[in-house]
Amino acid sequence: AAAAPRREPRAFSYLKPRLVTAEPPAIDVIGRAVLAARCNDYVPALVRALVDHTIALQNRRGLESGNSQPIQLSVLNRRRRAARAWLQSILSGAVDQPTLHAVATQWLPTLCGHSSDPEVLARTTRSCVEFLRGAFVGVLFDEPAENLLGHARALNVLETVLSVHLAAAQEALR
């Protein structure tokens, strides 16, 4: 009997934050159009999935601390609105200062549950960004295509926007 090949674990390639100094990065117009065209129909499902993800993180923290409480409907609605606004800004390729301010001070803190612990906020923010990165990649590459150049351009736009948003959120935590 042949021995099964041994799998070697590889480190996960987390998105690196991209600081915006004087001028925001250029967003590929074609990539942005492909990203929006392929993902717009999935926004409601992605909003629900992201909100469910944040609730699961909050419930896990509550169980660990012994302070588990149900999520109120008003909190769910605020999170849904924040998630929808954030997803729309990602699909439009928004990396301007007003958007970065909203991401860092409104949308992500709302999704993170307005925790007073900066470590929890940083961990939850990173988790939300990586969750959306995976979800959008799944939507982008959900069916075979003869030419994947448009998909690659859309992926580049997605990762650029998410890395700028992540950097803005991390800067706000400092």
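Residues numbered from 1 in each chain as written. Predicted model: local features only at pLDDT ≥ 70, side-chain atom pairs only at ≥ 80, totals over all residues. Heavy atoms only, no water.

Novice: Describe the overall build of the chain, and please don't skip the residues or the numbers.
Specialist: Counting its regular elements, the chain contains 6 helices and 0 strands. Along the chain, from the amino end to the carboxyl end, the secondary structure elements read α-α-α-α-α-α. Its C-alpha atoms put the chain at 60 × 50 × 30 Å along the principal axes. Taking the contacts inside the chain whose residues are at least 6 apart along the sequence as the reference set, 83% of them involve residues at least 24 apart. About 10,400 Å² of surface is accessible on the chain, with carbon and sulfur atoms providing 53% of the total. Of the side-chain charges in the chain, 20 are positive and 15 negative, and the distance between the mean point of each set is 5 Å. (Helix = DSSP H or I, 4+ residues; strand = E, 2+ residues; numbered from the N terminus. Contact = heavy atoms within 4.5 Å. Areas by Shrake-Rupley, 256 points an atom, 1.4 Å probe, with all protein chains shown as cover. Lys, Arg positive; Asp, Glu negative; His and termini not counted. Charge placed at Lys NZ, Arg CZ, Asp CG, Glu CD.)

Novice: Give me the lowdown on helix α5 (residues 118–140), citing residues and values where you can.
Specialist: A rise of 1.5 Å per residue sets the reference length of α5, with its 23 residues, at 33 Å; its end C-alpha atoms lie 33 Å apart and thus fit the reference within 8%. For α5, the capping residue at the N-terminal end is Asp117, with a side-chain oxygen 3.1 Å from the backbone nitrogen of Glu119. (Expected span 1.5 Å × (residues − 1). Polar contact = N/O pair within 3.5 Å; in protein donor to acceptor, adjacent residues only side chain to side chain.)

Novice: So, the environment of Ala82: which residues are in play, and what are the values?
Specialist: Tracing the sequence through the fold places Ala82 in helix α3 (residues 73–91). Separated by 25 residues in sequence, Ala82 and Trp107 have C-alpha atoms that sit 4.7 Å apart. Discounting residues that sit within four places of it in the chain, Ala82 has contacts with Trp107, Thr110 and Leu111.

Novice: Tell me about the nonpolar core, residues and numbers included.
Specialist: Judged by nonpolar contacts, the single largest core of 41 residues is most densely connected at Leu35, Leu50, Trp86, Leu87, Ile90, Leu111 and Phe136. Those elements giving two or more residues to this core turn out to be α1 (29–39), α2 (43–65), α3, α4 (97–111), α5 and α6 (149–173). Sort the elements by how many residues they give to this core and α6 lands first, with 9 residues. Beyond its immediate sequence surroundings of up to four residues, Trp86 is in contact with Leu50, Val103, Trp107, Leu108, Leu111, Cys128, Val129, Leu132, Leu162 and His165. (Core = buried A, V, L, I, M, F, W, Y, C linked by side-chain atoms within 4.5 Å. Buried < 20%, exposed > 50% of the residue type's maximum accessible area, 1.4 Å probe, protein only.)

Novice: Lay out the confidence of the model for the chain in plain terms, naming residues and giving numbers.
Specialist: Overall, the predicted model of the chain reaches an average pLDDT of 89, with 92% of residues at or above 70. The weakest mean pLDDT in the chain belongs to α2 at 85; the strongest belongs to α1 at 96. (pLDDT = per-residue confidence, 0-100.)

Novice: An account of α1 is needed here, citing residue identities and associated values.
Specialist: Restricting attention to buried positions, one finds in α1 the residues Gly31, Leu35, Ala36 and Cys39. Here the buried residues of α1 occupy an arc of 130° about the axis, which is enough to place them on one side. Pointing more than 90 degrees away from the buried face of α1 are the exposed residues Val29 and Ala37. Between a side-chain oxygen at the N-terminus of α1 and the backbone nitrogen of Ile30 the separation is 3.4 Å; the capping residue is Asp28. (Arc of directions from axis to C-beta.)

Novice: Explain the side chain of Thr54 to me, using residue names and the numbers behind them.
Specialist: By the secondary structure assignment, Thr54 is in helix α2. On the basis of relative accessible area, Thr54 is assigned to the buried category, the value being 2%. Every residue in contact with Thr54, bar those within four places of it in the chain, is listed here: Arg79, Leu111 and Cys128.

Novice: An account of the packing of α3 against α5 is needed here, citing residue identities and associated values.
Specialist: Geometry of a packed helix pair, given as the angle between the helix axes and the separation of the axes. Across the interface, α3 lies against α5 with an axial gap of 13 Å and an inter-helix angle of 55°. Classed by the angle they form, the pair α3 and α5 counts as oblique. Judged by the sense of rotation from one axis to the other, the crossing of α3 with α5 is right-handed. Where α3 approaches α5, its residues Trp86, Leu87, Ile90 and Leu91 are matched on the opposing element by Cys128, Val129, Leu132 and Phe136. When its residues are assigned to classes, the contact of α3 with α5 shows 8 nonpolar, no polar and no charged. (Axes fitted to C-alpha atoms, helices over the stretch in contact; angles between N-to-C directions. Parallel < 35°, antiparallel > 145°, perpendicular 65-115°, else oblique. Left-handed = near helix turned anticlockwise from the far one by under 90°. Nonpolar A, V, L, I, M, F, W, Y, C, P; charged D, E, K, R; others polar.)

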